[in-house]
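One letter stands for each residue in the lines below.
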Amino acid sequence: MGDPTLAAYAQSLAPPPYDRATASRRRAPIEGALGRSTLRVTRMFESGSWSHGTAIKAKSDVDYMAAATGTRPTYPSSALATARTAISLCDPSIATARVSSPVVQVAYYTPPNFEIAPAWFKGRSPGGYDVYWIGGRGDEWVQSAPAAHLAYVDRQNDRLGKKVKPLVRLLKAWKHHAGAPVSSFYLEMRTAEHAAGEASIVYEIDLISVIRTIVEMGARDMNDPQHIVGRIPACSSDEKRRQTVRLLENAWRSLFTASQARARGDRAAYWHAMCAVFGSDYPWPTW
């Protein structure tokens, strides 16, 4: 039997409906400001964890792509600077708007916060999915296919009893608690790629398996499992990659300690080990 405490915690990480309603209200003034800018944004759409159903409450920002029709500048940094300027004064509820390549991070006085990526339509993939140019590492344009990756995650999640997305949330909860400098999208794609080879998901087993895979790969960039955008970046620098590996190794050891404690019925040791992975809001065991 799986760990009921871990399963309940995974389910509890989903953001409440209130957050989504707030995000929708906040989008309109930003969309209007970007439309009036030289980017000539015609629409904004969710492109990350919220649209994928893998966001975690009070932690995940709402990721938007801002579909632009103006002339695409030579460097993404120019588009980001234009977007930041347009956004910064469009809504009094915005506390700060700053460039954190490849997005503009928009912080509000209360969550949820936004991350906005200016994007230019490139074309369609062989499978009919829209592909966009967005900013990447090194101030260069890279390709992104959010709908294709959502479909990939959805297929694995539907096939495996809706357990893949909660597994992704567990990885993201670890990332936020540990302060790991690794891409949330990378964690999601690594998890979905792992799930594609599984017949079932047991959280305490598959969580360790995904972590072990990333550690063995050295938290390096991965190939796109959809074969559309090439490589999916993990970390923005080699030092951050090494730091991520160290933090994953710590989580791996703590999860193993928790597993041993659960096997011998030691609730206190189990809880302390799991708090090392997820933080002190991890619930007291229910077994």
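Residues numbered from 1 in each chain as written. Predicted model: local features only at pLDDT ≥ 70, side-chain atom pairs only at ≥ 80, totals over all residues. Heavy atoms only, no water.

1. Quick look at the overall build of the protein
Link 1 in the chain: Of the regular secondary structure elements, the protein holds ten helices and nine strands.
Link 2 in the chain: Evaluated residue by residue, the protein yields a buried proportion of 48% over its 287 residues.
Link 3 in the chain: Taking the intrachain contacts of the protein between residues at least 6 apart in sequence as the baseline, contacts between residues at least 24 apart amount to 61%.
Link 4 in the chain: Total accessible area computed for the protein in this model is approximately 13100 Å², and 53% of it derives from carbon and sulfur atoms.
Link 5 in the chain: Across the protein, the centroid of the 35 positively charged side chains sits 2 Å from that of the 26 negatively charged ones. (Helix = DSSP H or I, 4+ residues; strand = E, 2+ residues; numbered from the N terminus. Buried < 20%, exposed > 50% of the residue type's maximum accessible area, 1.4 Å probe, protein only. Contact = heavy atoms within 4.5 Å. Areas by Shrake-Rupley, 256 points an atom, 1.4 Å probe, with all protein chains shown as cover. Lys, Arg positive; Asp, Glu negative; His and termini not counted. Charge placed at Lys NZ, Arg CZ, Asp CG, Glu CD.)

2. Some thoughts on the pattern of salt bridges
Oppositely charged side chains are able to pair whenever their charged atoms sit close together.
Link 1 in the chain: Counted under the stated rule, the structure contains twelve salt bridges.
Link 2 in the chain: Measuring nitrogen to oxygen at the nearest pair gives 2.6 Å for the salt bridge that ties D154 to K165. Of this pair, D154 sits in helix 5 (residues 146-159) while K165 sits in helix 6 (residues 164-178), placing them eleven residues apart in sequence.
Link 3 in the chain: A residue is classified by how much of its surface remains accessible, and D154, at 24% relative accessible area, is partly exposed.
Link 4 in the chain: The shortest N-O distance in the salt bridge between R264 and D266 comes to 3.8 Å.
Link 5 in the chain: The exposure class of R264 is exposed, given its relative accessible area of 56%.
Link 6 in the chain: Within this structure, D238, E239, R241, R242 and R246 form a network of salt bridges that share partners. (Salt bridge = Lys/Arg side-chain N within 4 Å of Asp/Glu carboxyl O.)

3. Looking at the packing of aromatic side chains
Link 1 in the chain: Scanning all chains against the criterion turns up eleven aromatic pairs.
Link 2 in the chain: Ring centres 5.5 Å apart and planes at 80° place the aromatic pair W120 and W141 in the edge-to-face group. Within this pair, whereas W120 is found in strand 5 (residues 114-124), its partner W141 is found in strand 7 (residues 141-144), the two being separated by 21 residues in sequence. Of the two residues examined, W120 and W141, each falls in the buried class.
Link 3 in the chain: Through successive ring pairs, a cluster of aromatic residues spans Y9, Y270, F278, Y282 and W287. (Phe/Tyr/Trp six-rings, centres within 6.5 Å; stacked < 30°, edge-to-face > 60°.)

4. As for helix 9 (residues 238-263)
Link 1 in the chain: Under the 1.5 Å per step criterion, the end-to-end length of helix 9 is 38 Å for 26 residues, consistent within 8% with the ideal 38 Å.
Link 2 in the chain: Taken together, the buried positions of helix 9 are occupied by R241, T244, V245, L247, L248, A251, S254, L255, A258 and A261.
Link 3 in the chain: Next to the buried residues of helix 9 lie helix 6, helix 8 (203-216) and helix 10 (267-278).
Link 4 in the chain: With its phi angle positive at about 75°, G265 sits one or two positions after the end of helix 9. (Expected span 1.5 Å × (residues − 1).)

5. Here's the deal with the packing of helix 6 against helix 8
Link 1 in the chain: Axis separation between helix 6 and helix 8 bottoms out at 10 Å; the angle between their running directions is 55°. One element, helix 6, and the other, helix 8, form an angle in the oblique class. At the point where helix 6 passes helix 8, the crossing takes the right-handed sense. In this structure, helix 6 uses P166, L167, L170 and L171 to contact helix 8, whose residues at the interface are Y203, D206, L207, V210 and I211.
Link 2 in the chain: For the contact of helix 6 with helix 8, the class distribution of residues is eight nonpolar, no polar and one charged. (Axes fitted to C-alpha atoms, helices over the stretch in contact; angles between N-to-C directions. Parallel < 35°, antiparallel > 145°, perpendicular 65-115°, else oblique. Left-handed = near helix turned anticlockwise from the far one by under 90°. Nonpolar A, V, L, I, M, F, W, Y, C, P; charged D, E, K, R; others polar.)

6. Brief notes about helix 4 (residues 76-88)
In an α-helix, one turn spans 3.6 residues; hence positions three or four apart end up facing the same way.
Link 1 in the chain: Given a rise of 1.5 Å per residue, 13 residues ought to cover 18 Å, and the 18 Å separating the end C-alpha atoms of helix 4 matches this to within 8%.
Link 2 in the chain: Those residues of helix 4 that fall on the buried side of the exposure criterion are P76, A79, L80, A83, A86 and I87. The arc enclosing the buried residues of helix 4, seen along the axis, measures out at 130°, which places them on a common side. (Arc of directions from axis to C-beta.)

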